[in-house]
Amino acid sequence: MTIDPKLIEHATPRQAEIATAINELGSAKEAAEHLGLSHSGVRRAMSELRKRAADPAPGGLPGGGRYKFSGMSVRVKDGEISGQNFRYKAEPDPAYYAEKFAESFATAIDRVKALPRVKAPKKVKGVARKSMNVIAIGDSHHGMLAWAPETLQSDYDLNISIETERRIFLDLLDRAPAARKLLIVRVGDVFHADGDVWKTKRSGHHLDGDGRMPRVINDVEDLSIWQVETALTRYEEVEVLIVPGNHDDLLAVTLAIALQKVFRKNNRVKIGPTSGTRFGYTRWGDVLLGVTHSDTTRGMGNLGEVMNNHREDASSATYRHWYCGHLHHRKQYNVDIQVKKNITFQEYRGWSAEIVNTVAPGDAYSAGCGFDSRRTMKLDTYNQRTLTGTIWSRVFDR
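Numbers given for residues are sequential positions, taken from 1 along each chain in its written order. Only residues with pLDDT of 70 or above have their local features reported here, since the model is predicted, and side-chain atom pairs are shown and tallied only from 80 upward, although totals for entire chains, interfaces and linings are computed over all residues. To obtain the side-chain values, all non-hydrogen atoms of the structure were used and water was disregarded.

Caption draft 1: Region of interest: the packing of helix 8 (residues 213-232) against helix 9 (residues 251-262). To obtain each axis, a line is fitted to C-alpha atoms, and for helices this fit is confined to the stretch in contact; angles are then taken between N-to-C directions over 0 to 180 degrees. Segments assigned H or I by DSSP are reported as helices when at least four residues long, segments assigned E as strands when at least two residues long, and all are numbered from the N terminus. Contact geometry for helix 8 and helix 9: axes closest at 11 Å, N-to-C directions at 45°. The pairing of helix 8 with helix 9 is recorded here as oblique in orientation. Here the hand of the crossing between helix 8 and helix 9 comes out right-handed. Together, Met213, Ile217, Val220, Glu221, Ser224 and Ile225 of helix 8 and Leu251, Leu255, Ala258, Leu259 and Val262 of helix 9 make up the contact between the two elements. Per-class residue counts for the contact of helix 8 with helix 9 are 9 nonpolar, 1 polar and 1 charged. Roughly parallel means an angle under 35 degrees; roughly antiparallel, over 145; roughly perpendicular, 65 to 115; everything else is oblique. Handedness of a helix crossing follows the sense of rotation of the near helix relative to the far helix, less than a right angle counterclockwise being left-handed and clockwise being right-handed. What makes two residues a contact is simply this: any of their non-hydrogen atoms within 4.5 Å. Under the scheme applied here, ten amino acids are nonpolar (Ala, Val, Leu, Ile, Met, Phe, Trp, Tyr, Cys and Pro), four are charged (Asp, Glu, Lys and Arg), and all others, including Gly, are polar.

Caption draft 2: Structural context of helix 2 (residues 13-25). Working rule for helices: expected span equals 1.5 Å times residues minus one. Helix length check: helix 2 (13 residues) gives 18 Å between terminal C-alpha atoms against 18 Å at 1.5 Å per residue, within 8%. Looking only at helix 2, the buried set comprises Gln15, Ala16, Ile18, Ala19, Ala21 and Ile22. A simple rule labels every residue: compare its accessible area, found with a 1.4 Å probe on the protein chains alone, to the largest value its type can have, and call it buried under 20%, exposed over 50%, or partly exposed in between.

Caption draft 3: Quick peek at unusual backbone geometry. In this model, Gly272 is joined to Pro273 through a cis peptide bond whose omega is -15°. Positive phi, close to 60°, is recorded for Leu152, a residue that is not glycine. For Leu152, the location among the structural elements is in the loop between helix 6 (148-151) and helix 7 (158-175). Within the chain, Asp189 stands out as a residue other than glycine whose phi angle is a positive 55°. Structurally, the position occupied by Asp189 is in the loop between strand 4 (181-186) and helix 8. Exposure remark for Asp189: the relative accessible area of 1% places this residue in the buried category.

Caption draft 4: Quick look at the side chain of Thr358. Inspection of the secondary structure assignment puts Thr358 in the loop between strand 11 (344-355) and helix 11 (364-368). Judged by its relative accessible area of 0%, Thr358 is buried.

Caption draft 5: Just the pairing of strand 3 (residues 132-137), in detail. With 6 of 6 residues buried, strand 3 is to be regarded as a mostly interior element. Burial along strand 3 is two-sided: Met132, Val134 and Ala136 facing one way and Asn133, Ile135 and Ile137 facing the other are all buried. Relative to strand 12 (residues 376-382), strand 3 runs antiparallel, the two being bridged by 5 bridges. Pairing of Met132 across the sheet is with Tyr382, part of strand 12. DSSP bridges decide pairing: two strands pair if at least two such bridges lie between them.

Caption draft 6: Representation of the packing of aromatic side chains. Centre distance within 6.5 Å is the pairing criterion for rings of Phe, Tyr and Trp, where only the six-membered ring of Trp is used; planes under 30 degrees apart are then read as stacked, over 60 as edge-to-face, and the remainder as tilted. Per the counting criterion, the structure on display carries 4 aromatic pairs. Each ring, one from Tyr319 and one from Tyr382, has its centre 5.8 Å from the other, and the planes form 65°; the classification is edge-to-face. Placement of the pair is Tyr319 in strand 9 (residues 319-324) and Tyr382 in strand 12, with a sequence separation of 63 residues. Grouped by ring-pair contacts, the aromatic residues Phe279, Tyr281 and Trp322 constitute a single cluster. Criterion for a charge above a ring: Lys NZ or Arg CZ within 6 Å of the ring centre, and within 35 degrees of the ring normal. Lying across the ring of Trp226, Arg166 places its NZ or CZ 4.5 Å from the centre.

Caption draft 7: Structural view of the environment of Asn357. With respect to the helices and strands, the residue Asn357 is situated in the loop between strand 11 and helix 11. In this structure Asn357 comes out as buried when scored by relative accessible area, which is 5%. Under this definition, polar contacts are N or O atom pairs within 3.5 Å; protein pairs additionally need one hydrogen-donor-capable and one acceptor-capable atom, and for neighbouring residues in sequence, both atoms have to be side-chain atoms. At a separation of 2.7 Å, a polar atom in the side chain of Asn357 contacts the side chain of Thr376.

Caption draft 8: View of the confidence of the model for the chain. Looking at the chain, pLDDT values average 80 and 77% of them are 70 or higher. Element-level pLDDT for the chain is lowest in strand 10 (residues 331-341), with a mean of 40, against a maximum mean of 98 in strand 4. Confidence scores labelled pLDDT are given residue by residue by the predictor and lie between 0 and 100. The low-confidence segment residues 56-64, where pLDDT is below 50, has 22 contacts with residues more than four positions distant or belonging to other chains. Scored below 50 in pLDDT, residues 330-349 makes 49 contacts in the model with residues more than four places away or belonging to other chains.

Caption draft 9: Up close: the pattern of salt bridges. Note on definitions: salt bridges are taken to be side-chain nitrogens of Lys or Arg within 4 Å of carboxyl oxygens of Asp or Glu. Using the criterion set out here, one finds 15 salt bridges in the structure. The salt bridge involving Arg215 is made with Asp210; its shortest N-O contact spans 3.9 Å. Classification of Arg215 as partly exposed rests on a relative accessible area of 34%. Among the ionic pairs, Asp286 bridges to Arg385, the shortest N-O distance being 3.1 Å. With Asp286 in the loop between strand 7 (279-284) and strand 8 (287-292) and Arg385 in the loop between strand 12 and strand 13 (387-394), this pair connects stretches of sequence that are 99 residues apart. Overall, Asp286 belongs to the partly exposed group, its relative accessible area being 24%. On the basis of relative accessible area, Arg385 is assigned to the exposed category, the value being 52%. Through salt bridges that share partners, Asp249, Arg278 and Asp295 make up one connected network.

This is the structure in structure tokens:
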């Protein structure tokens, strides 16, 4: 066994030492014995070296990321220190992965450029002229893998998640009352993971994933484009609000940016937010709607204050409501509070918030913790003053 000298050019000092020992001694086994390492440790080091060489970057990580020292261990033999191992934690540059994920969207975006512009439907009249429908999509967790015998719920993979959301979305469109505008709300966790490593970034809890992330990105992009294109055949205006969740801080933003580029020449479509903020808003007459994943807001009780701080027009809205995600089971929160601005109490306003259901079943982790929720998607209808009706569509596959 020999290591190509070109590979050693990309090695860390420790990897270079191991690779040199292999070339000098003729095998990984001999190098392991000479360096006081296990055979598997030597092979693992060379595997990491090949990956490193395939995607070289300053600092040893893609995009200029760095390794942070996280600990060390000492090997002792016959009362003497025979070796030391240093452990480092990878801290990649998020901007690098944002660029990588954006590249995954490029194929879908190029394909959409050739699509003909969707013809606008006939203008609605009467009450419908002042109506807006809102389809609230809970945490979809596209890319999640679940096995029914283990979770005691339903099987779930990428094909199932895409088809289920497509079917329920279309069912709601078919049963919706006439309206001038459709707002599509995504409350976070569109994707089950934020990259090829199937773990949550903050807690590091293991995720069961279905397939390669580029495939997940491509299928979700296709679904999102289809949703907007289909809505354009029925509504004069279409708006999409996508906020990040704890599972997809980066990919949710990338999805919003990609959709904005796809429909950038269509003045009937509005996509946002694309800045990475965890809050999205839209105004419809005297109705002000907010969207957030709610995992960073210390619960739902302070969302009224959040809206007041973010929106100067909050006090003029007669109906204020939040769509939230994260917990999956539906929860309604209503409160009358005093709106405080510039240290003075201006007026009383009511506001409400809800956690919308998901159409996804539990994965092994959540099912093992006993978490469960009704699997639904909803469509709300607003006039320019208040909520006027709700339609539900439920998954009955278990």
